[in-house]
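Understanding the architecture of this molecule
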Amino acid sequence: MDRQASDAIIARIAGATEAVGRTIRIMEVCGTHTHAIGRGGLRAVLPKGIALISGPGCPVCVTSQRDVERMLLLADRGDVTVCTFGDMIRVPGVTTSLERRRANGADVRVVYSPTDALELAASRPEREVVFLGVGFETTAPGIAATVLQAQSRGIANYSVYACHKLIVPAMEAVLSEGSRIDGFLTPGHVSVIIGPEAYEALSQTHGIPCVATGFEPTDVLEGIAQLVEHVRDRRPGSFVQYRRAVRPGGNRRAWDTLMRVFAIADAEWRGLGNIPESGLAFRPEFAAYDAVTRFDLPEVAPVSLAGCRCGDVLKGAIEPQECPHFGRPCTPRNPLGPCMVSSEGSCAARYKYG
Amino acid sequence: MADEQIVMAHGGGGALTHELLTETILPALGSSSYRLPDAADLPGEAGLVFTTDAFVVKPLFFRGGDIGSLSVHGTVNDLAVSGAKPIALTMTLVLEEGLSLETVEAVTASAGAAARACGAPIVAGDTKVVARGEADELFITTAGVGRRVPELTLPGLRDGDRVLISGPIADHGIAVMSQREGIDFQTRVRSDSAPVWPLVEALVAAGIDVHAMRDPTRGGLAAVCAEFAEDYGLSITLHEEDIPVRPETAAACSILGLDPLTVANEGKLTAFVAAEDADRALAALRSAPGGEHAAVIGVVTARRTVPVTLRTRFGGQRLVEMPYGEDLPRIC
């Protein structure tokens, strides 16, 4: 898109914002949006009446500290190779991180796809390979597919530490925490899987429009323009900006794959606590692939990181810069909490891109 | 410090590398300098510049190059951006037990050819072998000597200078990364591994008073700009729409979640020149081999609160931070 076209969208946003006549609070639910907003420098081009608030959609950030500690326990086992998406590697535990465990000899590998972890397991049958399954409805079907493949190919040394989350219950939780939100930019890729209908009930109940939005900066600008116009017209509903990918009804095949391996279960979120039916647990028939049962991982008492206010940031209760630790001492190099680690974390995005 | 250890990010050429140097290595060496430059004048030998570099790239062979030619280009480029024409190199090989002779031959043949092409022969060297598992196939260290070109005084950045880049960025990091075990996705991106001396020579021939130069390797263009801005107490604004990035490289960066500004190059030149020299410098770069897609990509300003800013193609702006460094281990 050329500059003229993006300027036209920005003018639309400005017009609708003025018509509303007050600050419009928009939550970008997804960490990838947070990142795109930062990278595109979009805050600088939006009118003052638009407040962009980062939501609980950064997978690494919402992973509970208890899950982080249990992942570290896995890395400490000499018989396990831990495979993870890169963002997880520097998330601080109470005393250490996967990166530091790796420096001490733990076998921790960054992979770009769970398939890579499965193939590693297939090529080294003598060694246990555990994939750290974090993320939302986008990454979970691919991980479920590796479990089905492991089963059909008889790969017995592959398992998953699964702490996947579902996005809509988290949006409900944010609203029930009392965060005043005028509209949600909903995640494009999650919406590809679950379909735009998934937000309809929430939207109607709370009278808040949702727009499933793509990840190019121009997508984000267009999504914001549509949201602000719906707010101006007092029109709740679930809308789609990301039409080139999001289809009505979502991707049934991906969802069915997901539901063969996992069942909807309660989940613990950083900042938001335990949210009913907001996560995915292994179905009993796939227990052999569940790293928790396979390695009999102990329960870990609830722990929190000293001084870290990532939970408040994730709820939208404070802006990253309002955290007393933002920038000093908490930086991407020396993160006190996960929001400063992940490229999708709102603190890291603000610190990096301003 | 006793419980602190080396982590991969210490080798990334970003902020942690800087910290390791300034807080641990330089004080331990008893160095009076606050940094170890990529290349330095030989004490007492006017006009001679000396440099060294280690190469641990994995895989050894990648689209557009290999560890042999890379070990030559990395070192001659450090000399070139210091304003010195490469004269001669040394090469040290650390070989892992079990490595095939064919591999050793292919790597050294490539290094020899690259050195001859640069006019800087490999004149001395050493070979060591370690037991299987104590190194990963093959590591190389090269050192190089060059003669300073008197016209290149490189006085440093000035307010108002223009920033030039000799061609599309981020190809090397993406080429290596895309071939790495476990991340083997289809891409046509080739490493840009090449000597930058012809580009420097073209600037000299055009009579350009180059204020500063650097080859944006680890940490990419972002690290070069962050370092220069810090060193000279100035700010730099880059213009996103002017920065050349090949579409396939941009796509790969997007898939891998990388910012092309922070991805390594091995045959690019970043040059800072006065505004009135920018057009001539651009023409000189474009006339040199490898500089066909050179562009003016930014401007140096007096110090503002933010050292390096990117004007995005939508008219927005954002910070460009010194990369932390762990994104792409073993790319050079």
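Residue indices begin from 1 for each chain and proceed along its sequence in written order. Chains carry letters and ligands carry numbers; both start at the beginning, A for chains and 1 for ligands, and go up in the order they are written. Per-residue local features of the predicted model are confined to residues with pLDDT of at least 70, and side-chain atom pairs are confined, for both listing and counting, to 80 or more; whole-chain, interface and lining totals are unaffected and use all residues. Heavy atoms from the whole structure form the basis of all side-chain values; hydrogens and water molecules are not counted.

Considering the overall build of chain A
Runs of H or I in DSSP of at least four residues are treated as helices and runs of E of at least two as strands, each being numbered from the N terminus. From N to C terminus, chain A includes 15 helices and eleven strands. Radius of gyration: C-alpha atoms only; globule rule: 2.2 Å multiplied by the number of residues to the exponent 0.38. For chain A, whose C-alpha radius of gyration is 20 Å, the value lies close to the compact-globule estimate of 20 Å for 354 residues. Residue burial is assigned from relative accessible area. The probe radius is 1.4 Å, only protein chains are included, and a residue is buried under 20% of its type maximum, exposed over 50%, and partly exposed in between. When the 354 residues of chain A are sorted by exposure, 59% land in the buried category. A contact between two residues is defined here by any heavy atoms of the two lying within 4.5 Å. In chain A, 78% of the contacts between residues at least 6 apart in sequence involve partners at least 24 apart. Residue exposure ignores everything except the shown protein chains as possible cover, and the areas themselves are Shrake-Rupley values with a 1.4 Å probe. On chain A, roughly 13600 Å² of surface is accessible, and the fraction owed to carbon and sulfur atoms is 49%. Positive charges are assigned to Lys and Arg, negative charges to Asp and Glu, while His and the chain termini are left out of the count. Here the site of a charge means NZ on Lys, CZ on Arg, CG on Asp, or CD on Glu. Placing the 38 positive and 38 negative side-chain charges of chain A at their respective mean positions leaves the two points 4 Å apart.

Re the overall build of chain B
A count of helices and strands for chain B gives eight helices and 14 strands. By the compact-globule yardstick of 20 Å for 332 residues, chain B fits well, its C-alpha radius of gyration being 19 Å. With respect to the principal axes defined by its C-alpha atoms, chain B has extents near 55 × 50 × 45 Å. Looking at chain B as a whole, 54% of its 332 residues qualify as buried. Of the roughly 14000 Å² of accessible surface on chain B, a fraction of 53% belongs to carbon and sulfur atoms. Charge centroids of chain B, computed over 26 positive and 44 negative side chains, lie 5 Å from each other.

Description of the side chain of B:Lys268
Residue and element names in this part refer to chain B. Along the chain, Lys268 falls in the loop between α7 (247-256) and β11 (270-273). Residue Lys268 is classed as buried on the basis of its relative accessible area of 5%. Side-chain atoms alone can form a polar contact between residues adjacent in sequence; in general such a contact is a pair of N or O atoms within 3.5 Å, and within protein one must be able to donate a hydrogen while the other accepts it. Here the side chain of Lys268 touches Asp192 through a polar contact of 3.1 Å, side chain to side chain. When neighbours within four sequence positions are excluded, Lys268 is seen to be in contact with Ile165, Ser166, Gly167, Pro168, Asp192, Val196, Arg214, Asp215 and Pro216.

A word on the packing of aromatic side chains
Centre distance within 6.5 Å is the pairing criterion for rings of Phe, Tyr and Trp, where only the six-membered ring of Trp is used; planes under 30 degrees apart are then read as stacked, over 60 as edge-to-face, and the remainder as tilted. The final tally for this structure, using the stated rule, is eight aromatic pairs over all chains. Relative to A:Tyr242, the ring of A:Phe215 has its centre 6.1 Å away and its plane inclined at 80°; by these criteria the two rings are edge-to-face. Taken together, the residues span a long stretch of sequence, with A:Phe215 in the loop between β8 (209-213) and α11 (217-232) and A:Tyr242 in the loop between β9 (237-240) and α12 (252-261) at a distance of 27 residues. By relative accessible area, A:Phe215 is classed as buried at 14%. Centre to centre, the rings of A:Phe326 and A:Tyr351 are 6.1 Å apart; their planes meet at 70°, and the pair counts as edge-to-face. Taken together, the residues A:Phe326 in the loop between α14 (310-315) and α15 (346-353) and A:Tyr351 in helix α15 connect sequence positions 25 residues apart. Among the residues examined, A:Phe326 registers a relative accessible area of 21% and is labelled partly exposed. Its relative accessible area of 24% is what places A:Tyr351 among the partly exposed residues. Aromatic ring contacts, followed pair by pair, group B:Phe228, B:Tyr232 and B:Phe272 into a single cluster. The ring of A:Trp269 has A:Lys165 lying over it, and the distance from NZ or CZ to the ring centre is 5.9 Å. Ring-over charges, as used throughout, are those where CZ of Arg or NZ of Lys falls within 6 Å of the ring centre and within 35 degrees of the ring normal.

Quick word on the environment of B:Pro289
All names here are of chain B. The residue Pro289 is located in the loop between α8 (278-287) and β12 (295-302) in this model. The spatial distance from the C-alpha of Pro289 to the C-alpha of Val196 is 9.2 Å, given a sequence separation of 93 residues. Every residue in contact with Pro289, bar those within four places of it in the chain, is listed here: Pro198 and Leu199.

Some thoughts on the sheet that holds strand β1 (residues 24-30) of chain A
Residue and element names in this part refer to chain A. For two strands to count as paired, DSSP must find a minimum of two bridges between them. Reading across the sheet, the five strands line up as β2-β1-β7-β8-β9 and stay open at both edges, with parallel pairing between neighbours. Looking at which strands have only one partner, the edges of the open sheet turn out to be β2 (50-57) and β9. Neighbour-to-neighbour, the strand axes of this sheet turn through a mean angle of 25°, independent of strand direction. Bridge count for β1 against β2 is six bridges, and the pairing is parallel. Bridging from a neighbouring strand, Glu28 pairs with Ser54 of β2. Every axis corresponds to a line fitted to the C-alpha atoms, with the helix fit spanning only the stretch in contact, and the corresponding angles, defined between N-to-C directions, vary from 0 to 180 degrees. Packed onto the sheet, α11 meets β1, β2, β7 (183-187), β8 and β9 and runs at close to 165° relative to β8.

Brief notes about the environment of A:Pro56
All names here are of chain A. In this structure, Pro56 sits in strand β2. In this structure Pro56 comes out as buried when scored by relative accessible area, which is 1%. Through-space distance from the C-alpha of Pro56 to that of Arg247 is 24 Å; in sequence the pair is 191 residues apart. Setting aside chain neighbours within four positions, we find Pro56 in contact with Met27, Val29, Val62, Phe136, Ile167, Ala170, Val174, Trp269, Leu272 and Leu314.

Quick notes on the nonpolar core
For our purposes a nonpolar core is just a set of buried Ala, Val, Leu, Ile, Met, Phe, Trp, Tyr and Cys residues, chained together by side-chain atoms within 4.5 Å. The biggest cluster of nonpolar side chains holds 88 residues, and the ones touching the most others in it are A:Leu74, A:Met88, A:Phe131, A:Tyr158, A:Tyr161, A:Ile167 and A:Phe184. At seven residues, helix α8 (residues 167-176) of chain A tops the list of elements feeding residues into this core. A domain split of this core shows at least three residues from each of domain 1 (61-166 + 250-294) and domain 2 (310-353) of chain A. If we ignore the near neighbours within four places in the chain, the residues touching A:Tyr161 are A:Asp67, A:Arg70, A:Met71, A:Leu74, A:Val130, A:Phe131, A:Leu132, A:Gly133, A:Ala291, A:Val292 and A:Leu297. Core analysis: the next-biggest nonpolar cluster, separate from the first, contains 33 residues, B:Met177, B:Ala222, B:Leu238 and B:Val308 among them. Domain start and stop positions are those given by an automatic or database domain assignment.

Structural notes on helix α5 (residues 197-205) of chain B
All names here are of chain B. Listing the buried residues of α5 in full gives Trp197, Leu199, Val200, Ala202, Leu203 and Val204. On its buried face, α5 is in contact with α2 (67-81), β5 (84-96), β9 (210-214), β11 and α8. Directly after α5, the chain includes Gly207, whose backbone phi takes a positive value near 70°.

Focus: the pattern of salt bridges
All names here are of chain A. Salt bridges are identified by distance alone: a Lys or Arg side-chain nitrogen within 4 Å of an Asp or Glu carboxyl oxygen. Enumeration according to the criterion identifies 30 salt bridges over all chains in this entry. Across the salt bridge formed by Arg12 and Glu229, the nearest N and O atoms sit 2.9 Å from each other. A residue pair is termed long-range when its members are at least 10 positions apart, and Arg12 in helix α1 (residues 3-20) and Glu229 in helix α11 qualify at 217 residues. The exposure class assigned to Arg12 is partly exposed, which follows from its relative accessible area of 31%. A network of salt bridges, in which partner residues are shared, links Glu177, Arg309, Asp312 and Lys315.

Here's the deal with the domain arrangement of chain B
Residues and elements named next belong to chain B. Annotation of chain B at the domain level lists domain 1 (37-148) and domain 2 (162-319). On a C-alpha basis, the centres of domain 1 and domain 2 stand 23 Å from each other. With 22 residues of domain 1 at the contact, the number on the domain 2 side is 25 residues. Joining two parts hides part of their accessible area as seen by a 1.4 Å probe, and the buried area is that hidden amount summed over both. When the area that domain 1 buries against domain 2 is broken down by residue, the three leading residues are Arg63, Asn77 and Val81, summing to 37%. Across the contact surface, domain 1 and domain 2 share zero salt bridges. At the boundary of domain 1 with domain 2, the tally comes to nine residue pairs in polar contact (both at pLDDT 80 or more). For the side of domain 1 that touches domain 2, the secondary-structure elements that each account for two or more residues are β3 (61-62), α2 and β5. If you tally residues by element for the side of domain 1 that touches domain 2, the top one is α2, at nine residues. Side-chain classes are defined by residue name, with Ala, Val, Leu, Ile, Met, Phe, Trp, Tyr, Cys and Pro counting as nonpolar, Asp, Glu, Lys and Arg as charged, and the others, Gly among them, as polar. By residue class, the composition of the side of domain 1 that touches domain 2 is eleven nonpolar, six polar and five charged.

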